[in-house]
Amino acid sequence: MLKINEHYLKLQASYLFSDIAKRVNAFQEANPDKDIIRLGIGDVTHGLPMACIEAFHSAVDEMAEDSSFRGYGPEQGYAFLREAIAKNDFQARGADISPDEIFVSDGAKCDTGNIQELFSIDAKIALPDPVYPVYLDTNVMAGRTGTYSDGRYQGIVYLDSTKENNYVPDLPSEPVDLIYLCFPNNPTGSTATREELKQWVDYAKENKALILFDAAYEAFIRDASLPRSIFEIEGAKEVAIEFRSFSKNAGFTGTRCAYTVVPKECMAFDSTGNKQAVHTLWNRRHCTKFNGVSYPVQRAAEAVYSEAGQAQINTLVNSYLENADLIAKAIGELGFDYAGAANSPYVWIRGDRDSMDFFDMLLNKAGVVCTPGQGFGKCGQGYIRLSAFNSRENVITAMERIQQALS
Ligand code: PLP
């Protein structure tokens, strides 16, 4: 008899999201003429930058000719893209990352989800609460947690991110091995200063721990004093891995391209205490289980770094940031406390009521869909997330409706 991996039965998050879908469908059925505005999703809404489209087209044409056709590519990504990433995203900001430390992939979701399989099953995991649910769920699937009760899994060290700590968690009070951090944060929109990241790097060094730093939203950082990469912090190369994505800066959510930086200095330990390079392990995994991103997509991603590409992604990100600003202003005028919006596409709103009641109120009174905060962790209870990924027109209409309904 074939048995399942019973750790999957412990998973919780999908219940909330299917419940949300049911409530939205029921509302639409009861109000067929009402135009629902979805400010709940993290997907982008604008088309790809023209520089990417042109590069994409011409790479597709190359695939038609025997002389320029490309079959299986290097699993780690083509050199042209890895070199452009190293130069523009890291070396230009004083972070000494080389192209062969970059692994191109089809998503930060897959990479942040898969990375845990390099580490022992008894690794002690620290996770911000609230945060992008993939980190937690993949550790649940792997069997690193006990059962779920009262909003939390046994065995996980939760790093509470609350108004009191400005949504930047404090160091754990017990030793941990693997630390997930996400800045700008999904869902709170919070960012971490150099000093705050330095504390984490020092902690990781002292405790022989590793930081998994998700910088999927780094393009939204406009405050020049904030680090965009953990590798801008001295010593981070020994203790951190960074995840990046073309999804949110260049609109590649459907096109799929991302990358993970695994510095060669980055070490974990075998059972006899010997150092093992995480780079070697990830390279082995990547080559065994991943086929590489398609050539045209990598050419499209490379175009992000052209002069035209940089200008176009800047316009794209600015338009979402302006949406975030409009949302924040309207919410502030209604007297709600909020975080995010600056340096992030998300606005994290404290409702002083149950998240699901807040969700129902916005849906039923304003026809606007948000994401209830507890979908991101127990500390999200009482909050909702609004996303700036929408058209200007929809954001303006949604905020007018919310203001009308609640004031
Ligand atoms: N990391 C965070 C924090 C996210 O919010 C998301 C998507 O919403 C991702 C990663 C996924 O990125 P990708 O589209 O590259 O898989």
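Residues numbered from 1 in each chain as written. Predicted model: local features only at pLDDT ≥ 70, side-chain atom pairs only at ≥ 80, totals over all residues. Heavy atoms only, no water.

A.B. asks: Explain the environment of Ile97 residue by residue, including any values.
C.D. replies: Relative to the assigned elements, Ile97 resides in the loop between helix H3 (79-90) and strand E2 (102-105). Relative accessible area serves as the criterion here: at 0%, Ile97 is assigned to the buried category. Along the sequence, Ile97 and Glu83 sit 14 residues apart, while their C-alpha atoms lie 10.0 Å from each other. (Helix = DSSP H or I, 4+ residues; strand = E, 2+ residues; numbered from the N terminus. Buried < 20%, exposed > 50% of the residue type's maximum accessible area, 1.4 Å probe, protein only.)

A.B. asks: Explain the nonpolar core residue by residue, including any values.
C.D. replies: Ranked by size, the top nonpolar core spans 56 residues in total, and within it Ile179, Ile211, Ile230, Phe246 and Phe252 carry the most contacts. Take this core: its biggest share by element is 6 residues, from H3. Setting aside residues up to four positions removed in sequence, Ile179 forms contacts with Ala126, Leu159, Trp200, Tyr203, Ala209, Leu210, Ile211 and Leu212. Ala324, Ala341, Val347 and Ile384 belong to the second-largest nonpolar core, a separate cluster that totals 33 residues. (Core = buried A, V, L, I, M, F, W, Y, C linked by side-chain atoms within 4.5 Å. Contact = heavy atoms within 4.5 Å.)

A.B. asks: Could you give an account of the side chain of Ser161, with specific residues and numbers?
C.D. replies: Positionally, Ser161 belongs in the loop between strand E6 (157-160) and strand E7 (178-182). Excluding its chain neighbours within four sequence positions, the residues that come into contact with Ser161 are Pro128, Asp129, Pro130, Tyr167, Pro169 and Cys379.

A.B. asks: I'd like a description of the domain arrangement of the protein, backed by residues and values.
C.D. replies: On domain assignment, one finds that the protein holds domain 1 (12-47 + 308-406) and domain 2 (53-306). Using only C-alpha atoms to locate each centre, domain 1 and domain 2 end up separated by 26 Å. Listed per partner, the contact involves 34 residues of domain 1 and 39 residues of domain 2. For the domain 1 and domain 2 pair, buried surface summed over both sides reaches about 2,900 Å², with 57% attributable to carbon and sulfur atoms. One can count 2 salt bridges joining domain 1 with domain 2. (Domains from an automatic or database assignment. Buried area = accessible area lost by both parts, 1.4 Å probe. Salt bridge = Lys/Arg side-chain N within 4 Å of Asp/Glu carboxyl O.)

A.B. asks: Could you give me a rundown of the layout of surface pockets, with the residues and numbers involved?
C.D. replies: The calculated volume of the largest pocket comes to roughly 950 Å³. Every element with two or more residues in the lining of the largest pocket is listed here: helix H1 (13-30), helix H4 (108-114), helix H5 (134-142) and helix H7 (247-250). Broken down by element, the lining of the largest pocket gets its largest block of residues, 6 residues, from H1. Classifying every residue of the lining of the largest pocket by side-chain character gives 20 nonpolar, 9 polar and 8 charged. For the second largest pocket, the calculated volume is near 410 Å³. When contributions to the lining of the second largest pocket are tallied by element, the ones reaching two or more residues are H1, strand E3 (125-129) and H5. For the lining of the second largest pocket, the residue count by class is 13 nonpolar, 6 polar and 3 charged. (1 Å grid on protein atoms, 1.4 Å probe; cavity = no way out; pocket = protein on both sides within 12 Å on 5 of 7 lines; lining within 4 Å. Points joined across faces, edges and corners; volume = space filled by probe spheres on them. Nonpolar A, V, L, I, M, F, W, Y, C, P; charged D, E, K, R; others polar.)

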